[in-house]
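# Residue-level structure breakdown
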Amino acid sequence: AQSVSQHNHHVILSEAASLELGCNYSYGGTVNLFWYVQYPGQHLQLLLKYFSGDPLVKGIKGFEAEFIKSKFSFNLRKPSVQWSDTAEYFCAVATGGGNKLTFGTGTQLKVEL
Amino acid sequence: DAGVIQSPRHEVTEMGQEVTLRCKPISGHNSLFWYRQTMMRGLELLIYFNNNVPIDDSGMPEDRFSAKMPNASFSTLKIQPSEPRDSAVYFCASSRPQGYTEAFFGQGTRLTVV
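First, a word on scope: everything that follows refers to the structure included in this document. Note that the structure is a prediction, hence the values are computed from the model and not measured.

What follows is about the state of the cysteines. All names here are of chain A. This model, assessed by the stated rule, comprises two disulfides over all chains. Each disulfide pairs two cysteine sulfurs, and for C23 the partner residue is C91, the sulfurs being separated by 1.9 Å. One quick way to see it: the torsion about the S-S bond of C23 and C91 is about -65°, and its sign makes the bridge left-handed. With C23 in the loop between β3 (19-21) and β4 (24-26) and C91 in strand β10 (residues 87-95), this pair connects stretches of sequence that are 68 residues apart. The same class applies to C23 and to C91, which are both buried.

Structural data, given as structure tokens:
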């Protein structure tokens, strides 16, 4: 079965700092990759997704992620974070063309003023 | 579109009582998922349906949990009897049936079993 690893459980940054959150998955076949964000007390919302094509995908709110197939990675980046980016971030994978998502354990990001 | 609608938003119940959580997926979405979120275990997929048929219920923790989808616009997750360790946020999500699409999540039901 596929699995998703997020190595950073808690990240604290100052405003304007750059962000990179790691995500690795274990599955040798075709994958669809997602990053979701969960603001405090809210539901999960999609930040960005990768299905095929350009491995560098851009999402909402200035986020982007790069799919590196050889490394089984899909890291999330943002060049300059804002206080409002404080949230929990989840990486997820769907395999074999299906739509069943497996989530990582999440990374709690806190941005300080 | 109103998105995925879950009810109730909050539920507090006593141990041993039956709890029913409800979900209305987005119209036209043929796949429906029930997830449970806890601090200890993160987001766990409990069960998912395609075209109202349960496809994978391997995540359902035990026989106390059951889920139904009687039609394309409604699903329930039932816990009977409930236990304190069932306390969690339960999310319902829906998506179009096959790949190349993301799941849309409801606001969740925060269940507390005392």
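Following the criterion strictly, the structure yields 15 aromatic pairs over all chains and no others. Residues Y36 of chain A and F103 of chain A carry aromatic rings whose centres are separated by 5.7 Å and whose planes lie at 55° to one another, so their mutual orientation is tilted. Highlighted residues: Y36 of chain A in strand β5 (residues 31-38) and F103 of chain A in strand β11 (residues 101-103), separated in sequence by 67 residues. A single burial state applies to Y36 of chain A and to F103 of chain A, both of which are buried. Ring centres of F90 of chain A and F103 of chain A lie 6.3 Å apart, and the angle between their planes is 85°; on these two criteria the pair is classed as edge-to-face. Here the residue F90 of chain A occupies a position in strand β10, and F103 of chain A occupies one in strand β11, the gap between them amounting to 13 residues. Pair check on accessibility: F90 of chain A and F103 of chain A agree, each one buried. Each member of the aromatic cluster is reached from another via a ring pair, and the members are F34, Y36, F51, F90 and F103 of chain A together with F33, Y35, Y48, F91 and F105 of chain B.

With that settled, consider the side chain of S73 of chain A. Among the secondary structure elements, S73 of chain A is positioned in strand β9 (residues 73-78). Every residue in contact with S73 of chain A, bar those within four places of it in the chain, is listed here: C23, N24, Y25, E66, F67 and I68 of chain A.

Let us look at the sheet that holds strand β7 (residues 65-71) of chain B. Residues and elements named next belong to chain B. The strand order across the open sheet built from four strands is β1-β3-β8-β7, with neighbouring strands paired in antiparallel fashion. Only two strands of the sheet have a single neighbouring strand rather than two, namely β1 (5-7) and β7. Pairwise comparison of adjacent strand axes, ignoring direction, gives a mean angle of 15° for this sheet. One ladder, built from five bridges, connects β7 with strand β8 (residues 74-79); its direction is antiparallel. Looking at the pairing, K68 lines up with T76 of β8.

Reading the values: the criteria
Residues numbered from 1 in each chain as written. Chains lettered and ligands numbered in written order. Predicted model: local features only at pLDDT ≥ 70, side-chain atom pairs only at ≥ 80, totals over all residues. Heavy atoms only, no water. Disulfide = S-S within 2.5 Å. Helix = DSSP H or I, 4+ residues; strand = E, 2+ residues; numbered from the N terminus. Buried < 20%, exposed > 50% of the residue type's maximum accessible area, 1.4 Å probe, protein only. Phe/Tyr/Trp six-rings, centres within 6.5 Å; stacked < 30°, edge-to-face > 60°. Contact = heavy atoms within 4.5 Å. Pairing = 2+ DSSP bridges. Axes fitted to C-alpha atoms, helices over the stretch in contact; angles between N-to-C directions.

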